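Geometric and topological summary
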Amino acid sequence: MAIAEQRVAERKFLRGLYEDPYFPDQVLDQGVAVLTALCERIEAERPADLAALYALTDAATEEFNALEAAFEAAGSEIETVAREEIAEEFWVIASAYGFAAADPERLVGARYW
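Before going into details, it helps to say that this report is about the structure given with it. (Residues numbered from 1 in each chain as written. Predicted model: local features only at pLDDT ≥ 70, side-chain atom pairs only at ≥ 80, totals over all residues. Heavy atoms only, no water.)

Let's shift gears to the packing of aromatic side chains. A complete count under the given rule lists three aromatic pairs for this structure. Ring geometry for Tyr22 and Phe23: centres 5.1 Å apart, planes at 80 degrees, overall edge-to-face. Look at Phe23 and you get buried, because its relative accessible area is 2%. Residues Phe64 and Trp113 carry aromatic rings whose centres are separated by 6.2 Å and whose planes lie at 65 degrees to one another, so their mutual orientation is edge-to-face. (Phe/Tyr/Trp six-rings, centres within 6.5 Å; stacked < 30°, edge-to-face > 60°. Buried < 20%, exposed > 50% of the residue type's maximum accessible area, 1.4 Å probe, protein only.)

Printed below as a string of structure tokens:
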């Protein structure tokens, strides 16, 4: 499914992490897939309120939690820089879909990283 929302369709998710050799591209690609799938779910399900949006972001955050092992296996981790960039992407997505009032911390509230 192609993403219809131009602000996220044209965005290079996790750009700053790709520029840092500490973060393995193959794992970042999986993270981009999670973010892209989140956009697709938002477009398909059209959450009516923040609670519905948070349910979707919680599921996507759980997928990032599962990626922690892949980061570690590649000699990396979801550390401060990565945490901030991933959380920023969640907020950009929420804002693009009309949820600018979303709590950035709550968007990734299910995180273990």
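Another aspect to go through is the nonpolar core. Nonpolar side chains tend toward joint burial in soluble globular proteins. Counting residues in each nonpolar core, the largest one holds 34 residues, and the members touching the most others are Val8, Phe64, Ile86, Phe90, Ile93 and Tyr97. If you list the elements that add at least two residues to this core, you get α3 (25-45), α4 (50-73) and α5 (80-96). When residues no more than four places from it in sequence are discounted, the contact partners of Ile86 are Leu14, Phe64, Ile78 and Trp113. (Core = buried A, V, L, I, M, F, W, Y, C linked by side-chain atoms within 4.5 Å. Helix = DSSP H or I, 4+ residues; strand = E, 2+ residues; numbered from the N terminus. Contact = heavy atoms within 4.5 Å.)

This part takes up the pattern of salt bridges. In total, this model carries five salt bridges according to the counting rule given. Arg111 serves as the salt-bridge partner of Glu105, at 3.0 Å between the closest nitrogen and oxygen. According to the relative accessible area criterion, Arg111 is partly exposed, its value standing at 25%. (Salt bridge = Lys/Arg side-chain N within 4 Å of Asp/Glu carboxyl O.)

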